[in-house]
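Here's the letter readout for the chains.
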Amino acid sequence: GELAPEHFRTESYHARKPGAGEELLKTLFISVDPYVHGRIKETASYAPPTPEGAVIEGGTVAEVLKSNSPDFKTGDIVLAHSGW
């Protein structure tokens, strides 16, 4: 059937501090592509299905809030693959 608000939930949590080589990101934009439909159905698709209760993933544009990586500094804008 059609997706409705009751099919989703919002959760809050305290993010842990990034470890060595990790960054803490703040998602600014997330792609809600048509492929998500295939990921939440139980039929064959080119992408693996998202298990019920799991976080739906998508491409994101994010800001680095904290960095323990030599590759990124606080304030950088990055592309990432993250959860809704």
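Residues numbered from 1 in each chain as written. Predicted model: local features only at pLDDT ≥ 70, side-chain atom pairs only at ≥ 80, totals over all residues. Heavy atoms only, no water.

Attention shifts here to the confidence of the model for the protein. Reading fine detail from the predicted coordinates is not recommended where pLDDT is low. A residue-level look at the protein finds 100% of positions with pLDDT of 70 or above and a mean pLDDT of 88. Averaged pLDDT values over the elements of the protein bottom out at 78 in helix α1 (residues 35–39) and peak at 95 in strand β1 (residues 23–30). (pLDDT = per-residue confidence, 0-100. Helix = DSSP H or I, 4+ residues; strand = E, 2+ residues; numbered from the N terminus.)

This brings us to the layout of surface pockets. Within this model, the largest pocket holds a volume of roughly 1200 Å³. What lines the largest pocket is a set of 35 residues, among which Ala54, Val55, Ile56, Gly83 and Trp84 lie closest to the centre. Only β1, β2 (57–67) and β3 (77–83) provide two or more residues apiece to the lining of the largest pocket. Here the lining of the largest pocket is composed, by residue class, of 16 nonpolar, nine polar and ten charged. (1 Å grid on protein atoms, 1.4 Å probe; cavity = no way out; pocket = protein on both sides within 12 Å on 5 of 7 lines; lining within 4 Å. Points joined across faces, edges and corners; volume = space filled by probe spheres on them. Nonpolar A, V, L, I, M, F, W, Y, C, P; charged D, E, K, R; others polar.)

Tracing the sequence through the fold places Asp76 in the loop between β2 and β3. When residues no more than four places from it in sequence are discounted, the contact partners of Asp76 are Ala62, Glu63, Val64 and Asp71. (Contact = heavy atoms within 4.5 Å.)

The full count for this structure, using the stated rule, is three salt bridges. The salt bridge involving Lys73 is made with Asp76; its shortest N-O contact spans 3.1 Å. (Salt bridge = Lys/Arg side-chain N within 4 Å of Asp/Glu carboxyl O.)

What follows deals with the pairing of β2. With seven bridges joining them, β1 and β2 adopt antiparallel strand pairing. Note on β2: the bridge partner recorded for Glu23 is Ser67. Summarising the sheet, β2 and β3 pair through seven bridges and their orientation is antiparallel. Within the sheet, the bridge partner assigned to Val61 lies in β3 and is Leu79. (Pairing = 2+ DSSP bridges.)

Let's shift gears to a nonpolar patch on the surface. On the surface, a cluster of nonpolar side chains totalling about 530 Å² of accessible area is made up of Leu3, Phe8, Ile30, Val32, Ile40 and Trp84. Among the structural elements, Trp84 can be located in the segment after β3. You can call Trp84 partly exposed: its relative accessible area is 42%. (Patch = residues over 30% accessible without salt bridge, like charges linked within 9 Å, V, L, I, M, F, W, Y side chains within 5 Å. Areas by Shrake-Rupley, 256 points an atom, 1.4 Å probe, with all protein chains shown as cover. Buried < 20%, exposed > 50% of the residue type's maximum accessible area, 1.4 Å probe, protein only.)

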